[in-house]
Amino acid sequence: RGACLTGRIVAVSAARGSSSGSSVLAEAIRAGTAPATFVVSSRDAILTVGAMVALELYGRACPIVVVSESDLAMVRGWPAARIEAGPEQARVIKA
């Protein structure tokens, strides 16, 4: 709680909230205050829609990377990571 997530990789099992989360994420991406990417262990339509809208309207990307629960636990234990994202897939790499 209370941490600044701007430009950071956020690794969570799943997002919480209502459908307004899509517009909040899209606006944060537009304003440059969003995380660099989300690493999640289950598909999340709300995050995905927000990221897709921001890419379409503002030309700014925020990759949503889906990994297994065990990979998520591993990523959470890393002191630093980076994302390699392409048009069809992305990878989380220990930095």
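Everything discussed here concerns the structure shown above.
Figured I'd write up the structure that's included with this text. Everything quoted here is computed from the prediction, not taken from an experiment.

Here we come to the overall build of the chain. Along the backbone of the chain there are three helices and five strands. Across its three principal axes, the chain shows a C-alpha extent of roughly 35 × 30 × 25 Å. Considering the chain as a whole, with its 95 residues, one finds that 27% of them fall into the buried category. When the accessible surface of the chain is summed, it comes to about 6200 Å², and 54% of that surface belongs to carbon and sulfur atoms. Distance between charge centroids for the chain: 9 Å, based on 10 positive and 7 negative side chains.

Between its first and last C-alpha atoms helix H1 (residues 20–31) spans 17 Å; for 12 residues at 1.5 Å apiece the expected length is 16 Å, and the two agree. Looking only at H1, the buried set comprises Ser22, Leu25, Ala26, Ala28 and Ile29. Mapping the buried residues of H1 onto a view down its axis gives an arc of 160°, with all of them on the same face. Two residues or fewer past H1, glycine 32 is found with a positive phi of approximately 80°.

With that out of the way, let us pick up the nonpolar core. Among the nonpolar cores identified, the biggest contains 11 residues, and these are Val10, Leu25, Ala26, Ala28, Ile29, Ala34, Phe38, Val40, Leu47, Ala54 and Cys62. When contributions to this core are tallied by element, the ones reaching two or more residues are H1, strand S2 (37–40) and helix H2 (45–58). The element contributing the most residues to this core is H1, with four residues. Discounting residues that sit within four places of it in the chain, alanine 34 has contacts with Leu5, Thr6, Gly7, Leu25, Ala28 and Ile29.

For the rest of this paragraph, the subject is a nonpolar patch on the surface. Judged by side-chain polarity, Val49, Val53, Leu57 and Tyr58 come together as a nonpolar surface patch covering roughly 340 Å² of accessible area. Considering the arrangement of structural elements, one finds valine 53 in helix H2.

Here we come to the pairing of S2. Because side chains alternate across S2, one face comprises the buried residues Thr37 and Val39, and the other comprises Phe38 and Val40, equally buried. Of the pairings in the sheet, the one linking strand S1 (residues 9–12) to S2 comprises four bridges and is parallel in character. Across the sheet, residue alanine 11 finds its bridge partner in S2, namely valine 39. Handedness of the β-α-β unit built from S1, H1 and S2 comes out right-handed. Of the pairings in the sheet, the one linking S2 to strand S3 (residues 64–66) comprises three bridges and is parallel in character. Paired with valine 40 across the bridge in S3 is valine 66. As for the winding sense of the linkage, the β-α-β connection from S2 through H2 to S3 is right-handed.

Cut-off values and rules
- Residues numbered from 1 in each chain as written.
- Predicted model: local features only at pLDDT ≥ 70, side-chain atom pairs only at ≥ 80, totals over all residues.
- Heavy atoms only, no water.
- Helix = DSSP H or I, 4+ residues; strand = E, 2+ residues; numbered from the N terminus.
- Buried < 20%, exposed > 50% of the residue type's maximum accessible area, 1.4 Å probe, protein only.
- Areas by Shrake-Rupley, 256 points an atom, 1.4 Å probe, with all protein chains shown as cover.
- Lys, Arg positive; Asp, Glu negative; His and termini not counted.
- Charge placed at Lys NZ, Arg CZ, Asp CG, Glu CD.
- Expected span 1.5 Å × (residues − 1).
- Arc of directions from axis to C-beta.
- Core = buried A, V, L, I, M, F, W, Y, C linked by side-chain atoms within 4.5 Å.
- Contact = heavy atoms within 4.5 Å.
- Patch = residues over 30% accessible without salt bridge, like charges linked within 9 Å, V, L, I, M, F, W, Y side chains within 5 Å.
- Salt bridge = Lys/Arg side-chain N within 4 Å of Asp/Glu carboxyl O.
- Pairing = 2+ DSSP bridges.
- Right-handed = clockwise from strand over helix to strand, strands pointing away.

Any functional reading would require information that these geometric values do not contain.
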